[in-house]
Amino acid sequence: MTVAADLSDEAYTRAADFLASLDDDWARHIAAIGPCRHAAKPAREPYEALVRAIAYQQLHAKAGDAILERFLALYPGVSFPSPAQVLATDDAAQRSCGFSATKLATIRGIAQAALDGVVPTRDAALAMPDETLIDRLVTLRGVGRWTVEMLLIYTLERSDILPADDFGVRDGYRRLKRLETMPTRKQMADIGRAWSPYRTIAAWYLWRMPTK
């Protein structure tokens with residue numbers, strides 16, 4: 001089902017009220033955090049969003065920022081290089097930005113897949129159900145379910161996505177419920193069904209659970 005997030009304050013209030021009504025733990029946490037400030041990046045094409053996500057994978061934000069800045073500097077005059085520009089660039093120059101060989105192969109693979117039509121345009125992606133898009137994009141080398149879920153949340157503005165294998169979501173729920181161990185991905189997905197149709201907002205709040 002393709003559900004675009006309503007980014008209005010009223011919609012976030014409805015989502016927060018729904019989650020707070022589930023139990024006292026949710027109510028206390030939402031009261032402590034305050035209104036949801038989820039910010040999507042809807043202007044980006046899926047191709048750009050995927051490349052950016054891969055650039056930041058397994059890196060602190062500062063390191064990812066530096067690598068991406070060097071990468072974009074290879075393409076003056078454009079806000080983001082096209083797939084054809086990426087593939088036409090010598091890979092040694094791209095490696096010098098700080099990408100590992102594996103990441104660079106993934107990025108170049110995404111560029112080729114965009115040219116081949118495997119990575120859809122934003123307009124085409126907006127019409128695709130969540131699982132259809134996930135199944136299509138995880139066939140790409142180095143692109144996992146979590147990466148596509150971030151695309152769904154931040155680029156396609158889907159309001160009911162729960163990245164169930166995300167460490168922050170699982171550990172946030174552990175702390176919310178004062179559990180000894182984190183739920184598994186399957187357990188998290190099962191638990192999260194009760195948060196529909198606001199699972200994106202639930203994830204946002206779980207990412208903000210205090211560490212103490």
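Per an unreviewed UniProt entry, the protein chain goes by the name DNA-3-methyladenine glycosylase II and belongs to Ralstonia insidiosa. Looking at the protein chain in UniProt, the text filed under Sequence similarities (unreviewed entry) is "Belongs to the alkylbase DNA glycosidase AlkA family."

A. Structural context of the overall build of the protein chain. Looking only at helices and strands, the protein chain has 13 helices and 0 strands in total. Tracing the protein chain from N to C terminus, the helices and strands come up as α-α-α-α-α-α-α-α-α-α-α-α-α. The globule rule puts the C-alpha radius of gyration for 212 residues at 17 Å, and the 18 Å found for the protein chain is close to it. The dimensions of the protein chain, computed from C-alpha atoms along their principal axes, are 55 × 35 × 30 Å.

B. Examining the side chain of Asp-166 more closely. Tracing the backbone through its elements, the reader meets Asp-166 in the loop between α10 (145-154) and α11 (167-176). Here Asp-166 occupies a buried position and makes no salt bridge, while the nearest side chain of opposite charge, Arg-170, is found at 8.1 Å. At 2.6 Å, the side chain of Asp-166 and the side chain of Trp-146 are in polar contact. Aside from chain neighbours lying at most four places away, what touches Asp-166 is Trp-146 and Trp-207.

C. Looking closely at the nonpolar core. Ranked by internal contacts, the top residues of the largest apolar core, which has 34 residues, are Phe-71, Ile-110, Leu-133 and Leu-137. If you list the elements that add at least two residues to this core, you get α3 (46-56), α4 (61-73), α7 (101-116), α9 (130-137) and α10. A per-element tally of this core places α3 first, with 6 residues. In this structure, Phe-71 is in contact with Val-51, Phe-80, Pro-81, Val-86, Gln-94, Cys-97 and Phe-99, ignoring residues within four places of it in sequence. Within the second largest apolar cluster, 21 residues are counted, among which are Cys-36, Ile-201, Ala-202 and Trp-204.

D. Focus on the packing of α11 against helix α12 (residues 185-192). Packing of α11 against α12 brings their axes to within 11 Å, and their N-to-C directions diverge by 70 degrees. By the angle between their axes, α11 is roughly perpendicular relative to α12. Both α11 and α12 take part in a crossing whose hand is left-handed. Contacts between α11 and α12 involve Val-169, Arg-170 and Tyr-173 on the former and, on the latter, Arg-185, Met-188 and Ile-191. Per-class residue counts for the contact of α11 with α12 are 4 nonpolar, no polar and 2 charged.

Cut-offs applied
- Residues numbered from 1 in each chain as written.
- Predicted model: local features only at pLDDT ≥ 70, side-chain atom pairs only at ≥ 80, totals over all residues.
- Heavy atoms only, no water.
- UniProt positions renumbered as here; feature names shortened; annotations may be inferred.
- Helix = DSSP H or I, 4+ residues; strand = E, 2+ residues; numbered from the N terminus.
- Rg over C-alpha atoms; globule rule 2.2 N^0.38 Å.
- Buried < 20%, exposed > 50% of the residue type's maximum accessible area, 1.4 Å probe, protein only.
- Lys, Arg positive; Asp, Glu negative; His and termini not counted.
- Salt bridge = Lys/Arg side-chain N within 4 Å of Asp/Glu carboxyl O.
- Polar contact = N/O pair within 3.5 Å; in protein donor to acceptor, adjacent residues only side chain to side chain.
- Contact = heavy atoms within 4.5 Å.
- Core = buried A, V, L, I, M, F, W, Y, C linked by side-chain atoms within 4.5 Å.
- Axes fitted to C-alpha atoms, helices over the stretch in contact; angles between N-to-C directions.
- Parallel < 35°, antiparallel > 145°, perpendicular 65-115°, else oblique.
- Left-handed = near helix turned anticlockwise from the far one by under 90°.
- Nonpolar A, V, L, I, M, F, W, Y, C, P; charged D, E, K, R; others polar.

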